[in-house]
Amino acid sequence: SVPRAQASTSLPASPAPSEQAAAVTKYCVTCHNERAKTGGLALDGLDVGTPADHADVWEKVLVKLRNGAMPPAGMPLSNCRDRWARSLERPAAQQR
(Lines give C-alpha, C1' and ligand atoms only; values in the text may rest on other atoms or scores of the structure.)
Protein backbone atom coordinates (compact mmCIF):
# COMPACT_ATOMS: atom_id res chain seq x y z
CA SER A 1 0.00 0.00 0.00
CA VAL A 2 1.06 3.59 -0.64
CA PRO A 3 1.71 5.77 2.41
CA ARG A 4 -0.81 8.59 2.78
CA ALA A 5 1.71 11.41 2.58
CA GLN A 6 3.09 10.04 -0.67
CA ALA A 7 -0.36 9.50 -2.18
CA SER A 8 -1.50 13.03 -1.37
CA THR A 9 1.54 14.62 -3.01
CA SER A 10 1.68 12.45 -6.14
CA LEU A 11 -1.15 14.14 -8.07
CA PRO A 12 -2.89 17.48 -7.66
CA ALA A 13 -6.41 17.17 -6.32
CA SER A 14 -9.19 16.98 -8.87
CA PRO A 15 -11.70 19.78 -8.81
CA ALA A 16 -15.05 19.10 -7.17
CA PRO A 17 -17.96 18.40 -9.57
CA SER A 18 -19.42 21.86 -8.95
CA GLU A 19 -16.00 23.39 -9.69
CA GLN A 20 -15.80 21.33 -12.90
CA ALA A 21 -19.22 22.51 -14.03
CA ALA A 22 -18.40 26.12 -13.21
CA ALA A 23 -15.12 25.92 -15.16
CA VAL A 24 -16.79 24.33 -18.20
CA THR A 25 -19.47 27.01 -18.11
CA LYS A 26 -16.99 29.85 -17.65
CA TYR A 27 -14.19 28.76 -19.97
CA CYS A 28 -15.67 26.34 -22.53
CA VAL A 29 -19.33 27.20 -23.03
CA THR A 30 -18.41 30.73 -24.09
CA CYS A 31 -17.48 29.28 -27.49
CA HIS A 32 -18.86 25.74 -27.34
CA ASN A 33 -22.59 26.41 -26.92
CA GLU A 34 -25.77 25.66 -28.89
CA ARG A 35 -25.71 29.09 -30.54
CA ALA A 36 -22.05 29.31 -31.62
CA LYS A 37 -21.18 25.58 -31.86
CA THR A 38 -17.52 26.47 -32.35
CA GLY A 39 -15.80 23.40 -33.75
CA GLY A 40 -19.21 21.74 -34.03
CA LEU A 41 -19.30 21.31 -30.26
CA ALA A 42 -21.98 22.41 -27.79
CA LEU A 43 -21.34 21.73 -24.11
CA ASP A 44 -24.00 23.93 -22.54
CA GLY A 45 -26.60 21.15 -22.36
CA LEU A 46 -24.28 18.48 -20.93
CA ASP A 47 -23.64 17.54 -17.30
CA VAL A 48 -19.91 17.32 -16.59
CA GLY A 49 -20.72 15.21 -13.52
CA THR A 50 -22.12 12.39 -15.65
CA PRO A 51 -19.73 12.10 -18.60
CA ALA A 52 -20.91 8.58 -19.43
CA ASP A 53 -24.26 10.07 -20.52
CA HIS A 54 -22.46 11.70 -23.48
CA ALA A 55 -19.27 9.67 -23.56
CA ASP A 56 -18.62 10.39 -27.24
CA VAL A 57 -18.62 14.16 -26.64
CA TRP A 58 -16.53 14.05 -23.45
CA GLU A 59 -14.05 11.70 -25.12
CA LYS A 60 -13.50 14.37 -27.80
CA VAL A 61 -13.05 16.96 -25.06
CA LEU A 62 -10.48 14.74 -23.33
CA VAL A 63 -8.56 14.21 -26.57
CA LYS A 64 -8.42 17.97 -27.14
CA LEU A 65 -7.29 18.56 -23.54
CA ARG A 66 -4.70 15.79 -23.65
CA ASN A 67 -3.16 16.84 -26.99
CA GLY A 68 -3.02 20.49 -25.93
CA ALA A 69 -5.49 21.77 -28.52
CA MET A 70 -7.86 23.10 -25.85
CA PRO A 71 -7.95 25.41 -24.16
CA PRO A 72 -5.93 27.49 -26.60
CA ALA A 73 -2.54 28.68 -25.36
CA GLY A 74 -2.81 31.78 -23.24
CA MET A 75 -6.42 31.10 -22.31
CA PRO A 76 -7.48 30.43 -18.72
CA LEU A 77 -6.96 26.83 -17.61
CA SER A 78 -4.39 26.16 -20.34
CA ASN A 79 -1.77 25.71 -17.62
CA CYS A 80 -3.77 23.01 -15.80
CA ARG A 81 -5.36 21.03 -18.65
CA ASP A 82 -4.03 17.70 -17.29
CA ARG A 83 -5.81 18.28 -13.99
CA TRP A 84 -9.08 18.95 -15.80
CA ALA A 85 -8.64 15.95 -18.09
CA ARG A 86 -8.11 13.69 -15.06
CA SER A 87 -11.19 15.17 -13.42
CA LEU A 88 -13.31 14.22 -16.44
CA GLU A 89 -11.78 10.75 -16.70
CA ARG A 90 -12.47 9.76 -13.08
CA PRO A 91 -16.29 10.06 -13.10
CA ALA A 92 -16.45 8.24 -16.44
CA ALA A 93 -14.43 5.36 -15.02
CA GLN A 94 -16.65 5.22 -11.93
CA GLN A 95 -19.80 4.97 -14.07
CA ARG A 96 -18.57 1.94 -16.07
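All values reported here derive from a predicted model rather than from experimental measurement.

Scanning the protein chain from terminus to terminus reveals four helices and zero strands. N-terminal to C-terminal, the α/β element order of the protein chain is α-α-α-α. Looking at the 96 residues of the protein chain, the share that counts as buried comes to 31%. Long-range pairs, those at least 24 residues apart, make up 45% of the contacts in the protein chain between residues at least 6 apart in sequence. Summing over all exposed atoms, the protein chain offers an accessible surface of approximately 6300 Å²; the carbon and sulfur share of this is 56%.

Attention shifts here to the layout of surface pockets. Looking at the largest pocket, its volume works out to about 660 Å³. As for the largest pocket, its lining consists of 32 residues, and the residues nearest its centre are Cys28, His32, Leu41, Leu43 and Met70. Every element with two or more residues in the lining of the largest pocket is listed here: helix H2 (17-28), helix H3 (55-66) and helix H4 (81-95). Per-class residue counts for the lining of the largest pocket are 21 nonpolar, seven polar and four charged.

Further remarks concern the environment of alanine 52. Structurally, alanine 52 can be placed in the loop between H2 and H3. Classification of alanine 52 as partly exposed rests on a relative accessible area of 38%. Residues alanine 52 and glutamate 89 lie 37 residues apart in sequence; the distance between their C-alpha atoms is 9.8 Å.

Helix length check: H3 (12 residues) gives 16 Å between terminal C-alpha atoms against 16 Å at 1.5 Å per residue, within 8%. Val57, Trp58, Val61, Leu62 and Leu65 are the residues of H3 that are buried. End-on, the buried residues of H3 take up no more than an arc of 140°, which puts them together on one face. Those residues of H3 that are exposed and aimed more than 90 degrees away from the buried face are Asp56 and Lys60. With its phi angle positive at about 85°, glycine 68 sits one or two positions after the end of H3.

Core analysis: the biggest nonpolar cluster contains 13 residues, and Val24, Leu43, Trp58, Val61 and Leu88 have the highest contact counts within it. When residues of this core are traced back to their parent elements, those giving at least two are H3 and H4. Looking at this core, the element that brings in the most residues is H3, giving five residues. Dropping the residues within four chain positions of it, leucine 43 is found in contact with Val24, Cys28, Val29, His32, Asn33, Val57, Trp58 and Val61.

Definitions and limits used
- Residues numbered from 1 in each chain as written.
- Predicted model: local features only at pLDDT ≥ 70, side-chain atom pairs only at ≥ 80, totals over all residues.
- Heavy atoms only, no water.
- Helix = DSSP H or I, 4+ residues; strand = E, 2+ residues; numbered from the N terminus.
- Buried < 20%, exposed > 50% of the residue type's maximum accessible area, 1.4 Å probe, protein only.
- Contact = heavy atoms within 4.5 Å.
- Areas by Shrake-Rupley, 256 points an atom, 1.4 Å probe, with all protein chains shown as cover.
- 1 Å grid on protein atoms, 1.4 Å probe; cavity = no way out; pocket = protein on both sides within 12 Å on 5 of 7 lines; lining within 4 Å.
- Points joined across faces, edges and corners; volume = space filled by probe spheres on them.
- Nonpolar A, V, L, I, M, F, W, Y, C, P; charged D, E, K, R; others polar.
- Expected span 1.5 Å × (residues − 1).
- Arc of directions from axis to C-beta.
- Core = buried A, V, L, I, M, F, W, Y, C linked by side-chain atoms within 4.5 Å.

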